[in-house]
Amino acid sequence: MMRTLLFISFVSLLYACQTQQSKSNFEGLWIVKSVKVGEQEMTPNARWTRFNIDSTQESGNGRFQHSYGTWTYNEETQRLSIVNENGLEDLNEPFQLKIEGDLMFWNRVEEGQPIEVILERSEKLPETYGDQLLGLWKLQGLEGNGTYFNEEVNPDPSDYMFLRWDKRFVIHSKGKRNTGVYNVHGHRPELELIPYGENHPRSFWRIDFNDDEINLELLNSDSTVLRNYKRIRKFPS
């Protein structure tokens, strides 16, 4: 009888340890490295998920957390279920899951198409294109007639672009202050400027990052329009 009780206690302890070890495999921050829907690549910019040991989770893009909820893992079927309490109900089957070192693989079928998500363990949050754009930028050079600035004059020392955290922008051009809202594409390095009023049209720009400089190329134009900016820490006078 005593041996039976000891055996049951040992098995219970072993199971508890295995469950704890299984949960600890998930614990921490994971960055989405790749998302494939069928044969199409649809990887979002700087998407991440954090799994906590208490079976809670949160996720976001860059420095912005937009989802939170819980997670469960079925060890027998090796299936992962994620519930976002502030989002839509997930009507698809749980993900088939596999962990290999610092990589985690999710697979399932959605609307008849195979989905594959590859995540990598990380120690810090990634930055989106929008995170990298935040701040104050001084106009350094320009090519082509286009929105806000004109190539017929050299950049004025006071010309700048200020991209604020609340998705508002301020562009100082030719002594005038232009304002509006902006969006950054969730998959590509593209900036959309939506000005207030009718002085300027909505414009779309491809972003090329280069240390503390950015080059913007106007996309909705028949001619070449380029703008070069350098990051600064105070407003030019």
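Note: the structure precedes this text.
From a predicted model like this one, the values you see are computed outputs, not experimental measurements.

The rules behind the values
Residues numbered from 1 in each chain as written. Predicted model: local features only at pLDDT ≥ 70, side-chain atom pairs only at ≥ 80, totals over all residues. Heavy atoms only, no water. Helix = DSSP H or I, 4+ residues; strand = E, 2+ residues; numbered from the N terminus. Buried < 20%, exposed > 50% of the residue type's maximum accessible area, 1.4 Å probe, protein only. Contact = heavy atoms within 4.5 Å. Areas by Shrake-Rupley, 256 points an atom, 1.4 Å probe, with all protein chains shown as cover. Phe/Tyr/Trp six-rings, centres within 6.5 Å; stacked < 30°, edge-to-face > 60°. Lys NZ or Arg CZ within 6 Å of the ring centre and 35° of its normal. Core = buried A, V, L, I, M, F, W, Y, C linked by side-chain atoms within 4.5 Å. Pairing = 2+ DSSP bridges. Axes fitted to C-alpha atoms, helices over the stretch in contact; angles between N-to-C directions. Salt bridge = Lys/Arg side-chain N within 4 Å of Asp/Glu carboxyl O.

1. Structural notes on the overall build of the protein
Within the protein, the secondary structure is distributed over 2 helices and 17 strands. Counting only residues that meet the buried cut, the protein has 34% of its 237 residues in that class. Within the protein, contacts between residues at least 6 apart in sequence are counted, and of these 42% link residues at least 24 apart. Of the roughly 14800 Å² of accessible surface on the protein, 49% is carried by carbon and sulfur atoms.

2. Things to note about the environment of Asp102
Mapped onto the secondary structure, Asp102 falls in the loop between strand 7 (95–100) and strand 8 (103–110). Since its relative accessible area comes to 47%, Asp102 is described here as partly exposed. Among residues more than four places away in sequence, those in contact with Asp102 are Trp30, Leu119, Glu120 and Arg121.

3. Regarding the packing of aromatic side chains
Tallied over the full model, the rule gives 9 aromatic pairs. Taking 5.3 Å as the distance between ring centres and 70° as the angle between the ring planes, the aromatic pair formed by Tyr160 and Phe235 counts as edge-to-face. With a gap of 75 residues between them, Tyr160 in strand 11 (residues 160–163) and Phe235 in the segment after strand 17 (226–232) connect regions that are remote in the sequence. In this structure Phe235 comes out as partly exposed when scored by relative accessible area, which is 46%. Against the face of Phe105 rests Lys98, its NZ or CZ located 5.3 Å from the ring centre.

4. Some points on the nonpolar core
Counting residues in each nonpolar core, the largest one holds 19 residues, and the members touching the most others are Met161, Leu191, Leu193, Ile214, Leu216 and Tyr229. Elements with a contribution of two residues or more to this core: strand 10 (135–143), strand 11, strand 12 (168–173), strand 14 (190–195), strand 15 (203–210) and strand 16 (213–218). If we skip the residues at most four places from it in the chain, Leu191 touches Leu133, Tyr182, Asn183, Val184, Ser203, Phe204, Trp205, Ile207 and Leu216.

5. Observations concerning the sheet that holds strand 14
Read once around its circumference, the closed barrel built from 8 strands follows the order 10-11-12-13-14-15-16-17, with strand pairing classed as antiparallel. Each adjacent strand pair in this sheet contributes to an overall mean axis angle of 35°, direction not counted. Both strand 15 and strand 16 contribute to a ladder of 6 bridges, which runs antiparallel. Residue Arg206 lies in a different strand from strand 16, and its bridge partner there is Glu217.

6. Details of the pairing of strand 17
In the sheet, strand 10 pairs with strand 17 via 7 bridges, with the strands oriented antiparallel. Bridge pairing in strand 17 links Lys138 to Lys230. In terms of strand pairing, strand 16 meets strand 17 through 5 bridges, oriented antiparallel. Among the inter-strand pairings, Leu216 is bridged to a residue of strand 17, identified as Arg227.

7. Quick notes on the pattern of salt bridges
Under the defined criterion, the tally for this structure stands at 12 salt bridges. Its salt-bridge partner being Glu120, residue Lys33 comes within 3.7 Å of it at the nearest N-O pair. Taken together, the residues Lys33 in strand 1 (residues 28–37) and Glu120 in strand 9 (residues 113–122) connect sequence positions 87 residues apart. Residue Lys33 is classed as partly exposed on the basis of its relative accessible area of 46%. Judged by relative accessible area, Glu120 falls into the partly exposed class, the value being 31%. Here Arg206 and Glu217 are joined by a salt bridge, their closest N and O atoms 3.1 Å apart. Taken as a pair, Arg206 in strand 15 and Glu217 in strand 16 lie far apart in primary sequence, 11 residues in all. Take Arg206: its relative accessible area is 40%, and that puts it in the partly exposed class.

8. Some thoughts on the side chain of Ser158
Along the chain, Ser158 turns up in the loop between strand 10 and strand 11. For Ser158, the residues in contact, after removing those within four places along its chain, are His172, Pro236 and Ser237.

9. With respect to unusual backbone geometry
At Ala46, a position not held by glycine, the phi torsion is positive, near 55°. Along the chain, the position of Ala46 falls in the loop between strand 2 (40–41) and strand 3 (47–51).

Don't take any of this as a statement about function, it's just geometry.
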